[in-house]
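Breakdown of the fold
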Protein chains: 2
Amino acid sequence: MKIFKNPPKDTWHQLTERPQLELEFLDGAVRNVLNRVRKSGDSAVRELTLQFDKVSINTFQVTTTEIEEAVNSVTSDLQKAIRTAASNIEKFHAAQKRESLPIETMPGVTCWRRSVAIDKVGIYIPGGSAPLFSTVLMLGIPAKLAGCGEVILCTPPDSSGKVNAAILFSAQLVGISKIFKVGGAQAIAAMAYGTASIPKVYKIFGPGNQYVTKAKQLVTEDGVAIDMPAGPSEVLIMADDSSNYSFVAADLLSQAEHGEDSQVILVVNNEKMIDPIQNEIKNQIQSLPRKTIAERALVNSRVILLENEKDAIAFVNEYAPEHLIINTRNHEEIVSQITNAGSVFLGNFSPEAIGDYASGTNHTLPTNGYAKAFAGVALESFMKYITYQKVSEEGMKALGPAVEQMADAEQLAGHKMAIRIRLESLNKK
Amino acid sequence: MKIFKNPPKDTWHQLTERPQLELEFLDGAVRNVLNRVRKSGDSAVRELTLQFDKVSINTFQVTTTEIEEAVNSVTSDLQKAIRTAASNIEKFHAAQKRESLPIETMPGVTCWRRSVAIDKVGIYIPGGSAPLFSTVLMLGIPAKLAGCGEVILCTPPDSSGKVNAAILFSAQLVGISKIFKVGGAQAIAAMAYGTASIPKVYKIFGPGNQYVTKAKQLVTEDGVAIDMPAGPSEVLIMADDSSNYSFVAADLLSQAEHGEDSQVILVVNNEKMIDPIQNEIKNQIQSLPRKTIAERALVNSRVILLENEKDAIAFVNEYAPEHLIINTRNHEEIVSQITNAGSVFLGNFSPEAIGDYASGTNHTLPTNGYAKAFAGVALESFMKYITYQKVSEEGMKALGPAVEQMADAEQLAGHKMAIRIRLESLNKK
């Protein structure tokens, strides 16, 4: 980790920068995949799956027999753990339901909102070395709570044409039955445009590699909504001398092991803490199977000493971390001043790992500084509001003249006429 | 208007299509503007303003003297009308505030959310023939209610270098003081990247022409959030023999006058209504100053006869109109089955014009079928949620083992270690 001691504010924009990884060829390569799927549907998806996943898939949809087999192959301990996590996630997201009452903005003018589920949504779950069944819970549970009509899931097949058992178990647990063995940009294309076997959806959720992320960004040009723009995962930990240094090191490493491009930032208020924490990292990293990945991630990571607390808070808000662990004595005081973060973990016994899996909060969060304007996935990500208004004859009489004035000033005579014709009909009464 | 009688479902995708207007050169032209502003800041904005708005602007920010002069030049009738509208808009949006209470998802595991204002937002208001001061209210009021730290407004200068007085009056009324005389893609670029005189913001709101829309779409690639993707404005009216045909015609025309690319759809359940409504349109259109625009918009517009009510509702949900006027006897029954629409107007005395200006609902709404996944602008568009969790020692003991199980199954040993190290410290106690 690189160490910066009380860096002056005019250098902060460099210290809050994320690695820019987009490769030049990506845009063209992904557009090509999207176009092929759009044009040739299932046959293009089949070809691309053979090319990228090295497996020939005839029927994309996972069968009920496959799901049953998978469910039976998951150990009862893991099943129980997944059920516990699902229960917490469901409680937290169910509490996000809102009723909106009608408002009479003036006598005779009644306005209200109703949140309505997005009818068709698609969930993407990456495969590969770490099968993210936890993300099935994080996206599937709010989709089902929202009441989305059709929830489909795409995930790449392994080299034998199978889908990870824990992914299938989690999908079945949350009530998703339409699961397709398709990965990468071709999965995003299939959900965005539809094929004979994979239905078109209105909004696509889920993490993925650079190809998946680029594909999600590009399909928005065709009017398909996505959960949020995505970048590599990141954590920022604020620590002081009340922190347990081995906890801090473990939390930094649990982020670093995600990928070489993960970012790990440690903000401390005392120089003396830096060496002990670094030593803890050196010790703990030895036991990690993903040691090489974590080591590479740490090369781009930073320790920042900010002795002034106000500066430390300002720096965190400028960085806008996806995950923020506040591991200081006065964490309650600090957290009230944090305005930009995805999810915040308070105190010594709230590691990021617990939110990643099971506390109940969502782990699909804004990276790359997007927390300045975006929130993580929540129940409302699977819904949208419709607004309504009903104006009575009295309301029209009271409000109509103001609308005429404004339409006049905006030079929209047709708008004025729509009011005038009604006011005249009321005057005749 | 083109007439379609009981069209079979397999033709609906054509009937719900919007005109595709994107021109080939647009992407390159707008990228060029963005790059120039990004590289040369104010001097590029100055050059582009001279090129496109034909006026040389030295100081972009509108002075307090200019604002005072504008305020004094707005007639008291119009001031009063704007205040009435602002009051309704404020009431409706203030009612959208939400408190989120902490949830104990299991003993010792507490999760909550807090909605926090987006710190820096930018509002774009088009100039030109119709100065949309109503949009200043629709975006400025929720921005201020949300508590955004910095709210700036960009709008193009006229040929004498001035900004429309009603726009300045409305901005001052809602409390926006940083107003810049910049329009087009260069305004979006200035707000996205910042210049010496125009601050960088995190989210950009507001309507605009194709250049503005394209610029908004492109800056999202650099992590700037936008309110929503935009297309030409549109209305769909459902009418039956209880409708007042001259009201229906006036409402269709008030949408058609917006622009040649406006879309106007009329869904009727009885063939006999078509001619009388068409005749009303022919009569009323004569008096419109924007008659030519409205006539051109009507060329692409459609009357659709659907005698079966279920079909009519299914068609509306498939079209997903920005504005939906339900002008039928049983509008309460129909509205409960509408799942895709931006804003809905119920009954004979709720024309779109009243929502465009003053009922209290927001007029910044999803067009182009985006209502399938997007909502209109609301208070929460200017805020984002942060999630929090605090786990006690007891909570860690109860939940930690489940997280270890899941981390193991996802092959993330670092995540498991972050739990293990804490459970071990608790066992030692």
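Residues numbered from 1 in each chain as written. Chains lettered and ligands numbered in written order. Predicted model: local features only at pLDDT ≥ 70, side-chain atom pairs only at ≥ 80, totals over all residues. Heavy atoms only, no water.

A separate point is the overall build of chain A. A tally of regular secondary structure across chain A gives 16 helices and 14 strands. For chain A, with 429 residues in total, the buried portion stands at 60%. Just so you have it, chain A exposes about 16100 Å², and 49% of that area is on carbon and sulfur atoms. Treating the 43 positive side-chain charges of chain A as one cloud and the 48 negative ones as another, the clouds have centres 6 Å apart. (Helix = DSSP H or I, 4+ residues; strand = E, 2+ residues; numbered from the N terminus. Buried < 20%, exposed > 50% of the residue type's maximum accessible area, 1.4 Å probe, protein only. Areas by Shrake-Rupley, 256 points an atom, 1.4 Å probe, with all protein chains shown as cover. Lys, Arg positive; Asp, Glu negative; His and termini not counted. Charge placed at Lys NZ, Arg CZ, Asp CG, Glu CD.)

Moving on, we come to a nonpolar patch on the surface. All names here are of chain A. A contiguous nonpolar surface patch, about 280 Å² in accessible area, is contributed by Leu23, Phe25 and Tyr211. Along the chain, Tyr211 turns up in helix H8 (residues 210–219). When its relative accessible area of 36% is taken as the criterion, Tyr211 is described as partly exposed. (Patch = residues over 30% accessible without salt bridge, like charges linked within 9 Å, V, L, I, M, F, W, Y side chains within 5 Å. Salt bridge = Lys/Arg side-chain N within 4 Å of Asp/Glu carboxyl O.)

Next up on the list: the packing of aromatic side chains. To describe a pair of aromatic rings, you give the distance between the ring centres and the angle between the ring planes. Summed over all chains, the structure comprises 12 aromatic pairs over all chains. Judged by centre distance (5.9 Å) and plane angle (75 degrees), the ring pair of Tyr370 of chain A and Phe374 of chain A falls under edge-to-face. Tyr370 of chain A gets classed as buried once you look at its relative accessible area, which sits at 10%. The interplanar angle of 15 degrees and the centroid separation of 4.0 Å between the aromatic rings of Phe205 of chain B and Phe382 of chain B together place this pair among those described as stacked. With Phe205 of chain B in strand S7 (residues 203–205) and Phe382 of chain B in the loop between helix H14 (352–357) and strand S14 (383–391), this pair connects stretches of sequence that are 177 residues apart. Of the residues examined, Phe205 of chain B reaches a relative accessible area of 0% and is grouped as buried. The ring of Tyr385 of chain A carries Arg113 of chain A above its face, with NZ or CZ at 3.6 Å from the centroid. (Phe/Tyr/Trp six-rings, centres within 6.5 Å; stacked < 30°, edge-to-face > 60°. Lys NZ or Arg CZ within 6 Å of the ring centre and 35° of its normal.)

A word on the side chain of His93 of chain B. Residue and element names in this part refer to chain B. Take His93: it is sitting in helix H4 (residues 76–94). A distance of 3.1 Å separates polar atoms of two side chains, one belonging to His93 and the other to Asn362. When neighbours within four sequence positions are excluded, His93 is seen to be in contact with Pro142, Leu145, Gly360, Thr361, Asn362, Val377, Ala378 and Leu379. (Polar contact = N/O pair within 3.5 Å; in protein donor to acceptor, adjacent residues only side chain to side chain. Contact = heavy atoms within 4.5 Å.)

Moving on to the relation of the copies chain B and chain A. A rotation about an axis combined with a shift along that same axis relates the two copies of the chain. With an RMSD of 0.0 Å, chain B superimposes on chain A once it is rotated by 180 degrees and translated 0.0 Å along the axis. Those values place the two copies in the arrangement expected of a two-fold rotation axis. The C-alpha atom lying nearest the rotation axis in chain B is that of Arg98 of chain B; the distance is 4.4 Å. Mapped onto chain A, 100% of the interface residues of chain B are again interface residues, and the two copies thus contact each other with one and the same surface. (Least-squares fit on C-alpha atoms with pLDDT ≥ 70 in both.)

With that settled, consider the interface of chain B and chain A. Each side of the interface is counted separately: chain B has 118 residues, and chain A has 118 residues. At the boundary of chain B with chain A, total buried surface from both sides reaches about 10200 Å², with 63% on carbon and sulfur atoms. Put simply, chain B and chain A have 6 salt bridges between them. Residue Asp251 of chain B is joined to Arg422 of chain A by a salt bridge in which the shortest nitrogen-to-oxygen separation is 2.7 Å. Across the chain B-chain A interface, the total number found is 58 residue pairs in polar contact (both at pLDDT 80 or more). When residues of the side of chain B that touches chain A are assigned to their parent elements, the largest contribution, 10 residues, is made by helix H16 (residues 413–428) of chain B. Residues of the side of chain B that touches chain A, tallied by class, amount to 62 nonpolar, 35 polar and 21 charged. Sheet analysis places strand S14 (residues 383–391) of chain A next to strand S13 (residues 343–346) of chain B, joined by 4 bridges and oriented parallel. When the bridges of S13 of chain B are listed, Thr387 of chain A appears paired with Ser343 of chain B. (Buried area = accessible area lost by both parts, 1.4 Å probe. Nonpolar A, V, L, I, M, F, W, Y, C, P; charged D, E, K, R; others polar. Pairing = 2+ DSSP bridges.)

Quick look at the domain arrangement of chain A now. Each assigned domain of chain A is listed with its residue range as follows: domain 1 (23–227), domain 2 (232–375) and domain 3 (392–427). Centre-to-centre separation of domain 2 of chain A and domain 3 of chain A, based on C-alpha positions: 57 Å. (Domains from an automatic or database assignment.)

Relative to the assigned elements, Thr387 of chain B resides in strand S14. In this structure the side chain of Thr387 of chain B is engaged in a polar contact, spanning 2.7 Å, whose partner is the side chain of Ser343 of chain A. Contacts of Thr387 of chain B, omitting those with residues within four sequence positions, involve Phe92, Gly342, Ser343, Val344, Thr361 and Leu365 of chain A together with Trp112 and Arg113 of chain B.

Take the sheet that holds strand S11 (residues 302–305) of chain B next. The strand order across the open sheet formed by 9 strands is S2(A)-S3(A)-S14(A)-S13(B)-S12(B)-S9(B)-S10(B)-S11(B)-S1(B), and the pairing between neighbours is mixed. With partners counted over all chains shown, the strands left at the sheet margins are strand S2 (103–106) of chain A together with strand S1 (2–5) of chain B, one partner each. When the angles between neighbouring strand axes are averaged without regard to direction, this sheet yields 20 degrees. Summarising the sheet, strand S12 (residues 323–327) of chain B and S13 of chain B pair through 4 bridges and their orientation is parallel. Directly across from Ile326 of chain B, in S13 of chain B, lies its bridge partner Leu346 of chain B. (Axes fitted to C-alpha atoms, helices over the stretch in contact; angles between N-to-C directions.)

Before going further, it helps to spend a moment on the sheet that holds strand S5 (residues 150–155) of chain B. All names here are of chain B. Taking strand neighbours across the sheet as the criterion, the 5 strands line up as S6-S5-S4-S7-S8 in an open arrangement whose pairing is parallel. Strand pairing shows two members of the sheet lacking a second neighbour, strand S6 (178–181) and strand S8 (225–226), which therefore form its edges. Judged from the 2 bridges that link them, S7 and S8 form a sheet pairing that is parallel. Bridge pairing in S8 places Lys203 opposite Ala225.

What follows is about the packing of helix H4 (residues 76–94) of chain A against helix H6 (residues 165–174) of chain A. Residues and elements named next belong to chain A. Two elements in contact, H4 and H6, have axes whose closest approach is 11 Å; the angle formed by their N-to-C orientations is 45 degrees. Between H4 and H6, the crossing angle belongs to the class labelled oblique. Crossing angle aside, the handedness with which H4 passes H6 is right-handed. On H6, the residues touching Leu78, Gln79, Ile82, Arg83 and Ala86 of H4 are Ala166, Phe169, Ser170 and Leu173. Here the contact of H4 with H6 is composed, by residue class, of 6 nonpolar, 2 polar and 1 charged. (Parallel < 35°, antiparallel > 145°, perpendicular 65-115°, else oblique. Left-handed = near helix turned anticlockwise from the far one by under 90°.)

Think of an α-helix as turning once every 3.6 residues; residues three or four places apart then point the same way. Here H4 of chain B contains 19 residues, and its C-alpha end-to-end distance of 26 Å stays within 8% of the 27 Å for a straight helix at 1.5 Å per residue. Taken as a whole, H4 of chain B has its buried residues at Leu78, Gln79, Ala81, Ile82, Ala85, Ala86, Asn88, Ile89, Phe92 and His93 of chain B. (Expected span 1.5 Å × (residues − 1).)

As a further point, take unusual backbone geometry. Positive phi, close to 55 degrees, is recorded for Ala320 of chain A, a residue that is not glycine. For Ala320 of chain A, the location among the structural elements is in the loop between helix H12 (309–319) and strand S12 (323–327). Here the phi dihedral of Lys54 of chain B falls at roughly 55 degrees; this positive angle occurs in a residue that is not glycine. In this structure, Lys54 of chain B sits in the loop between helix H2 (24–53) and helix H3 (64–73).

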